[in-house]
Amino acid sequence: MGLTGLEIYKLLPKTNCKECGFLTCLAFATALANGKSSVDACPAISAEAKEILSAASEPPIRLIKIGSGEKIVEVGDETELFRHDKRFNHPTAIAVAVNDNEDLEAKIDVVNKLYFERVGQHYEVDLVALINASGDAAVFRNAAEKAAARTDKNFVLVTGEPGAMEAALQVLAARKPLLYAADHDNYTRMTNLAKANGSPLAVRAKGLDALAELVGKITSLGYRELVLDSGANDTGKVLADLTQIRRLAVRKKNRTFGYPAITFTTTREDPAEEMLQIASYVTKYAGIVVVGTDKAEYLLPALSLRANIYTDPQKPATVEPGLHVIGDVGNDSPVYCTTNFSLTYFLVEGEVEATRIPSFILSVDTNGTSVLTAYADNKFSAEKIGEAIKQCGLEEKVSHKDIVIPGAVAVLKGRLEDESGWNIIVGPRESSGIQKFAKLQFSGKYFRG
C-alpha cells in the first residue's frame, strides 16, 4: 500500500460502523496501510475511494501469468528491493531456447528431462522459448505444433514478425504463451495479438527511456500484461538496467516500470560462463531468463541458487515431520530421531544413507529449528519425541524398541525412556559421527544386507 494510514483515513466514510472488523475507521486505515486488511472489508466506501485505494494497493511489480494448466508460470508481484526486508515472491522463470529450424523434437525431449530432486526439493526448467530462427512463418507454426505435442511446459514465442507470431498462435493460443516482443515498429499489431489471445506481451526497446516511451504507448492501447526488456546484451549493462527497473518500480513507485523483466544469456559458447550469467540475472532481478544450455550439470547450480534466494527468510526451511524411510527397511531396521529443520535432517539423512544400513529417521516437528535450539525452546523434549513416536505408529513398524537420539541432547535419555517406554540409545553429537557409530552399534545386529 503506497498511502499512509492517515491518507487512507481521509478516503474512508468515517462512520466507525465496525463492520470491517475494526473498532474505528482509523484503525481500519492503519491495517490497510500495513497490508493487514483489504479495501473490500469496508461496506460503505465510495466507488471513487475504492478505485484509488485498489490502485494504491497493487504491488510495485505487477503479477504476470504465463501459460495455462498445472504448469502456469507466475512472475512479478514483487514488493522488495532486498530479500531480507521481507521476501521475494515468485522465482525467476528459466526458459530454454529452442530454434524452429533445429532438431526440435530431440531438443524438447532433452528439456523435458531437466528436472532434479535435491535435498527434498523438486527443481525443473519452467518454459520453452521457441525462436523463429528460420524467419519463416510456416516453419514457425509447424515447430509450434510439434513442440506443443511434445511437452506440457508453457512457451515464450520469440519473433519480431507479427505474421509469424499470429501463425504460431493458431496452434498455441490456448497455452497463453508470452509473446516476445513488441518494439517501436510492431507494437500495435503485437498488442492486438496479445489482447485477442489473452497472452502476456514482452516489450523491448533499446535503453530505459525508449522502453518507458514504448510501455506508455502500449498501456494507452489498454493493455498492461507486460514483461520488460531493456534491450541490453552486455552482462554489466543488463544488471544495471534490471536494478534500475526494480528501483524505479519499488522505491520510486514508477508504474511505467512496474512489470517483471526478461533477459537472454549471451555467453552461450561457454556453458560454465553462461551459468554464471544466469546466476547473476537470477540474483538481480530478472523475472525470466532465456538460456541456451540444456546441460543438467550447468542448470542445476543455477536452479539451486534460485531456490535459496526465493525461500522466505522469515521462515525456517523444513521437511515434513514424521517417519522417513532410508533404503529397503524391515522390522529390524535402526531408528534415528532428529528435528524437521531441513539442514539438520538432510545432514542426518546423508550420513544414514552412507552407512548402507536400511534405517528409519523420525523427524520431530520443531517448527524448523535445529536440535539444540529446539531443545532450549522445549520443542525437542521427551514429551514431543514420545508423542511423535506414537503418531507415526513406530511400534507397529519395527520389532525392537530402540531409538537413537542426538548426543547433544543425551540428557533426555532417562525422561524419554519413562515417557515413551522405548530404549534410548545416545548417538554421536554431530551427524558426521553417524557412520562410525552405526558400524559399531548396528553391524550384525540389524543389518540384513
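Residues numbered from 1 in each chain as written. Predicted model: local features only at pLDDT ≥ 70, side-chain atom pairs only at ≥ 80, totals over all residues. Heavy atoms only, no water.

Following the criterion strictly, the structure yields zero disulfides and no others. No disulfide involves Cys20; its sulfur sits 5.9 Å from the nearest other cysteine sulfur, which is in Cys17. You can call Cys20 buried: its relative accessible area is 17%. Cys25 takes part in no disulfide bond, and the closest cysteine sulfur to it belongs to Cys17, at a distance of 6.2 Å. (Disulfide = S-S within 2.5 Å. Buried < 20%, exposed > 50% of the residue type's maximum accessible area, 1.4 Å probe, protein only.)

A few words now on the side chain of Thr339. Locating Thr339 in the fold gives a position in strand β14 (residues 335-339). Polar side-chain contacts of Thr339 include one of 3.3 Å to the backbone nitrogen of Phe341. (Helix = DSSP H or I, 4+ residues; strand = E, 2+ residues; numbered from the N terminus. Polar contact = N/O pair within 3.5 Å; in protein donor to acceptor, adjacent residues only side chain to side chain.)

With parallel pairing, eight strands are arranged side by side in an open sheet as β10-β9-β8-β7-β6-β3-β12-β11. The strands lining the two open edges of the sheet, one partner per strand, are β10 (226-229) and β11 (262-264). Neighbour-to-neighbour, the strand axes of the sheet open up by a mean angle of 25°, direction not taken into account. In the sheet, β11 pairs with strand β12 (residues 288-291) via three bridges, with the strands oriented parallel. If you follow Ile262 over to β12, its bridge partner there is Ile288. Together, β3 (93-99), β11 and β12 form the strand contacts of helix α10 (residues 271-283), whose direction differs from that of β12 by roughly 170°. (Pairing = 2+ DSSP bridges. Axes fitted to C-alpha atoms, helices over the stretch in contact; angles between N-to-C directions. Contact = heavy atoms within 4.5 Å.)

Here strand β16 (residues 402-405) shows two buried faces, one formed by Asp402 and Val404 and the other by Ile403 and Ile405. In terms of strand pairing, β16 meets strand β17 (residues 423-426) through four bridges, oriented parallel. Pairing of Ile405 across the sheet is with Val426, part of β17. On the question of chirality, the crossover connecting β16 to the parallel β17 by way of helix α16 (residues 413-420) is right-handed. (Right-handed = clockwise from strand over helix to strand, strands pointing away.)

Time to look at the nonpolar core. In this structure, Leu157, Leu201, Leu211 and Ile218 are the most contacted members of the largest nonpolar core, which totals 63 residues. Here Ile218 is in contact with Ala182, Tyr187, Thr191, Leu201, Val203, Tyr223 and Leu226, once residues within four sequence places are set aside. Core analysis: the next-biggest nonpolar cluster, separate from the first, contains 22 residues, Val371, Ala388, Ile389 and Cys392 among them. (Core = buried A, V, L, I, M, F, W, Y, C linked by side-chain atoms within 4.5 Å.)

Turning next to helix α14 (residues 382-391). Taken together, the buried positions of α14 are occupied by Ala382, Ile385, Gly386, Ala388 and Ile389. The buried residues of α14 occupy one face: seen down the axis, they fall within an arc of 160°. Counted as exposed and oriented over 90 degrees from the buried face of α14: Lys390 and Gln391. Of the surrounding elements, those touching the buried residues of α14 are β14, β15 (359-364), α15 (394-397), β16 and α16. At the exit of α14 stands Gly393, carrying a positive phi of roughly 65°. (Arc of directions from axis to C-beta.)

Glancing now at the pattern of salt bridges. Side-chain pairing between opposite charges can occur once the charged atoms of the two side chains come close. A full pass over the atoms with the stated rule returns 17 salt bridges. A salt bridge links Arg268 to Glu274, with the shortest nitrogen-to-oxygen separation between them at 3.8 Å. On the accessibility criterion, Glu274 (1% relative accessible area) is buried. Overlapping salt bridges, with partners in common, bring together Lys71, Glu124, Asp152 and Lys153 in one network. (Salt bridge = Lys/Arg side-chain N within 4 Å of Asp/Glu carboxyl O.)

Time to look at the environment of Ser54. Relative to the helices and strands, Ser54 is located in helix α3 (residues 47-56). Among the residues examined, Ser54 registers a relative accessible area of 34% and is labelled partly exposed. Ser54 sits 15 residues away from Val39 along the chain, and the two C-alpha atoms are 6.9 Å apart.

In an α-helix, one full turn covers 3.6 residues, which means residues spaced three or four apart are oriented alike. Residues of helix α4 (residues 104-112) that are buried include every one of Leu104, Lys107, Ile108 and Val111, and no others. End-on view of α4: buried residues confined to an arc of 100°, all on one side of the axis. Where α4 is buried, its residues meet β3, β6 (127-131) and α5 (137-150).

Bringing the pairing of β12 into the picture now. Judged by which residues are buried, β12 turns out to be covered on both faces: Ile288 and Val290 on one side and Val289 and Val291 on the other are all buried. Here four bridges tie β3 to β12, and the two strands are oriented parallel to one another. Bridge pairing links Ala95 to Val290 in β12.

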